[in-house]
Structures are given as structure tokens and as C-alpha cells.
Amino acid sequence: MICDLIIRNAVMPVGGICDVAVANGRIANIGSKLDAKGPELDAAGNLLLPGLIDHHIHLLATAARLESADLSGLVSEDEVIRRLREAEQVLAAGAMLRATGYDERAFDLPDSRDLDRWLPDRPLRMQDRTGALWLLNGLAMERLGTGPWPDCVEVDERGEPTGRIWRGDAWLRERLGAELPPVAKLGSELARLGITGVTDTGAANGPSEAALFNELLASGELPQKLQLMGDETLPVSDHFRRGPLKLLYDERDLPPLEEVARRIDIAREQGRAVAAHCITESELVYFIAALDLAGGARPGDRIEHGSEISGAMIPEIVAHGLAIVTHPAFVHDRGDRYLDTVAREELGGLYRLASLETAGLCLAAGSDAPYGSFDPWLALEAAKYRKTAQGRVLGVSEAMAVERTLPLYLRPFGLSDCTSRTIEPGAEADFCVIEGSLQDLADCPDAGRVAATIVDGKVIYTRL
Ligand SMILES: [Zn+2]
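Each value, and the rule that gives it
Residues numbered from 1 in each chain as written. Predicted model: local features only at pLDDT ≥ 70, side-chain atom pairs only at ≥ 80, totals over all residues. Domains from an automatic or database assignment. Helix = DSSP H or I, 4+ residues; strand = E, 2+ residues; numbered from the N terminus. Buried ≥ 20, exposed ≤ 12 C-beta atoms within 10 Å, placed from the backbone. Contact = placed C-beta atoms within 7 Å. Pairing = 2+ DSSP bridges. Axes fitted to C-alpha atoms, helices over the stretch in contact; angles between N-to-C directions. Left-handed = near helix turned anticlockwise from the far one by under 90°. Nonpolar A, V, L, I, M, F, W, Y, C, P; charged D, E, K, R; others polar.

(A) Looking closely at the domain arrangement of the protein chain. Segmentation of the protein chain into domains returns domain 1 (1-51 + 422-464), domain 2 (53-60 + 181-420) and domain 3 (68-176). Look at where the C-alpha atoms of domain 1 and domain 3 centre, and you get two points 46 Å apart.

What follows is the structure, given as C-alpha cells:
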């Protein structure tokens, strides 16, 4: 048999050492000392797992963050100014400084004039830690041209822009021109972590994003498999899987339920599930009401984040058969903030894991990068101990062992049933090779264990 790849001497998750032969992007055969010809990868007695899927990421924003000043965790004005001025040193004259992760504990929400004081001689666009808000200084505002301004641009009582732009990413891209962030760099970072698939959850993904991702996938710049969420204008593609229609509404400004139900109808006509951004419980209640109005949920409908869920809501979610895509690493990345700012009695409902899994919900995991770390191994560790970056514990009763959390990264893209991908003939040939045994991994999950990553039988990362 001629194969695209033969992985030799791999330890299977169920035990035993096997060779795995890949043809046409799928597993053709598994056995000991297979008689097959083709390029070989010697797994050298390491563990072979299905490749991990990050079920919730924002690819372009994460790629852009790889070259942005990171302000996260800085809680004083002086620290923020220092970080901005350091980052500015390496930029070419006139280039705009992009900063992310701004924490309003530093200086509340500054306006253009405040930012001019922080960085007077260079255009600056600074994103807050939630990703909903961009803050621009005067030089950056000049590049936006003149009004009339769309709703996303906040104006003062005289109608002048304040420099605050709410959920205006698409409009900003249009006005400032899309500098393509380093997606190839992100693709190789993800490969180094054993990630073979990602779901981009951008609510505004439509024809132009589809064209961009088609190109990134065809050129191999993005070596992972991609599922793209988006709005009703997102076309189908030979390169990516068209995912659910994304419903993104803000609790402070919810549209009439009929409007959302109509969008759910459109998703059904397009053969798509829906995915709703649900941070607060009222957003969750609203989503379920909209689903009921639109004739009910269907398999693959999903709740993104599920950040706050009271015990009483869990049976409701189970009854609707909704999947939840959670972010286990948030406990590490954001836990200290939650412990400092969220009311004590509400802490138990934050980023639940074990209680949802025990209730029989279909859980999957994503990073929500760039708003959290995209390292799934850090997330497994955070799920295991529920420890924050400062070492405090958040919701210890929600902790789950690595063996229970890992399947959240092994779910197929569709989430329509709650299976985990396995290594068997006919399955897609997406793998990661992990140093050590399953027990070693359970004891100490760490990105350093990833020894190789394979997508469709192509090795996209190896240090074997
Ligand atoms: Zn997100």
C-alpha cells in the first residue's frame, strides 16, 4: 500500500504500540509493523492523540495581538504609559501602535485627549480587555477622516467623537485599511501546541472574510482545519467548513425577540446551527426564548462562553440539548479579577465545568483568544486545579481531571452529538504526538510535551 504518511511506533490512547497508515487525509490502517510505503514519522514510543480543536477563537485578532503591545494586568496609569512607550520604540516612524488588553482599573475609560497625553507623537489604537471597545488618540482619530459617524463611534454633546469606538471592528478595518496580521505565525504557534483545528467565531464573518480565509488555507499559511462562524451572508467554501450563524447581542441593547427568531429561521434554511454569545444569564434566557420562538433548538446549536450559569438554568439547557463552549483557561487568566470584582454568591456560577458535565451537557472547550490564552495545556491545568494566575482558587467544586477535560478539545466541529474523535480506520488523519504516557499527561499537562502535529496526514510541526 502506498500512503501519504506512516506513523511508526506510536502508543495508542487505549494502550499498545501501533503503526498508523494515512491515505487521502484519513486513517487507512492501524496495526503493528504495517507493510506500507510512503513518508514515515517515527513517534518513538510516544503517545498519539487526535489533534486538538480550539472550538472558539478569533483568528485575525489573535494574530494581530502577536504584534501588539499587551496591556493586560496593568492596573496603574503609569504602568500603561510605560508599556506603550516601550512598545513604540520598535515601530517605524508614523506607524500606528496597536495595544490590547487595556484594563479599566488603570484609568477608567480614557478619551482621545487622555491618550494624547499618554502617547502624543504617534497614532495609537488601544483595545480594552473585553474586546468590545477601541480607544483612539487624536492622531489615530485623524486617520478615520470626518463624519457623519456610525453608531459605533461615541460622540460628545457637541457631536464630536470622544475616541471611544464600541464594537466597531469591521468599520475600523474599512476606514484604516486591513493590514493583514501575521496569521502564518499564529498558525505555527497553534501547531506547536498540538492544535489541528479551530473554529473562528466572528459574528461579522461574511464574503470578504471568507475570501481571506480561503486564501490563507489554500496557501497553507493557516495549516489548521477551519470552521468559520459568521452571519447569513457567509458563503460555503471548499476550504473551510461553514459553521453556525453567530448571534451576538449585548444585554444592554437586546433587539426584539422576533428579529432573532427570524435570523434563526434563516440559519435553518441555510442548513446551519446557531451559536449565541451568552456572558450573562439574561443573555442565555433571551437566547433560549428566541430558540423556542423559532421552533426549538436543533443538534449543534451552542452557547458560547456560558460565563454565568445558575444551578436552576442547567436543566433548562439540558432540556434544549444545547452544547456549551467554555474557556477553561479563563480561571487562570481572569480568575483574580473575578475574585476581586464579582459578588461572592455569584462566584460559584462562573465558568462551570464539572457541574455541567455531570448534568450530561455537551461541553466543548475553546480559548476565546485573544481574550484568553490559546494554550490548551494551560487550560487543562487550570481546569484541574481551578487556580488563578496568582495561585488563588476559584470554584474548586467545578474542577475536572485532565482525562475529563481533554475530550472537550477532541469533539468534532459540529458538536451535534457529544462524541470525542478517536483514532480508528476511516477517521480524519489529524493527530498530535505527546511525550510521556496518558498518566504523565494527566499528572502534568504542559505544552512542552507536544512532539509533533499532523493535519490531514501532513506533518505541520515536529521535533521528533
Ligand atoms: Zn469570543
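Moving on from the coordinates now.
(B) Highlighting the environment of M400. Here M400 lies in the loop between α13 (376-385) and α14 (402-405). The exposure class assigned to M400 is buried, which follows from the 20 C-beta atoms found within 10 Å. As a C-alpha pair, M400 and E357 span 43 residues in sequence and 9.3 Å in three-dimensional space. In contact with M400, other than residues within four places in its own chain, are L353, A354, E357, A383, K384 and T405.

(C) Examining the sheet that holds strand β10 (residues 133-136) more closely. On the basis of which strands lie adjacent, the open sheet formed by six strands has the order β7-β8-β9-β10-β12-β11 and mixed pairing. Here the strands that pair on one side only, and so sit at the sheet edges, are β7 (69-70) and β11 (153-155). The sheet contacts of helix α2 (residues 77-88) involve β7, β8 (97-102) and β9 (124-128), and relative to β8 the element is tilted by about 150 degrees.

(D) Structural view of the sheet that holds strand β15 (residues 241-247). Read from one edge of the open sheet, eight strands run β6-β13-β14-β15-β16-β17-β18-β19, paired in parallel fashion. Two strands bound the open sheet, and with one partner strand each, they are β6 (52-57) and β19 (362-365). For this sheet the average axis-to-axis angle between neighbouring strands, irrespective of direction, equals 25 degrees. As defined by bridge partners, strand β16 (residues 274-278) adjoins strand β17 (residues 302-305) across four bridges and the pair is classed as parallel. Looking at the pairing, A275 lines up with R302 of β17. Strands in contact with helix α9 (residues 281-293) are β15, β16 and β17; relative to β16, the strand with the most contacts, it is inclined by about 155 degrees.

(E) Examining the packing of helix α8 (residues 257-269) against α9 more closely. Viewed as axis vectors pointing N to C, α8 and α9 meet at an angle of 65 degrees, and their least axial separation amounts to 8 Å. The two elements α8 and α9 cross, and the hand of that crossing is right-handed. Facing α8, whose interface residues are L257, V260, A261 and I264, α9 presents A289, A290, L291 and L293. Of the residues belonging to the contact of α8 with α9, the class tally is eight nonpolar, no polar and no charged.

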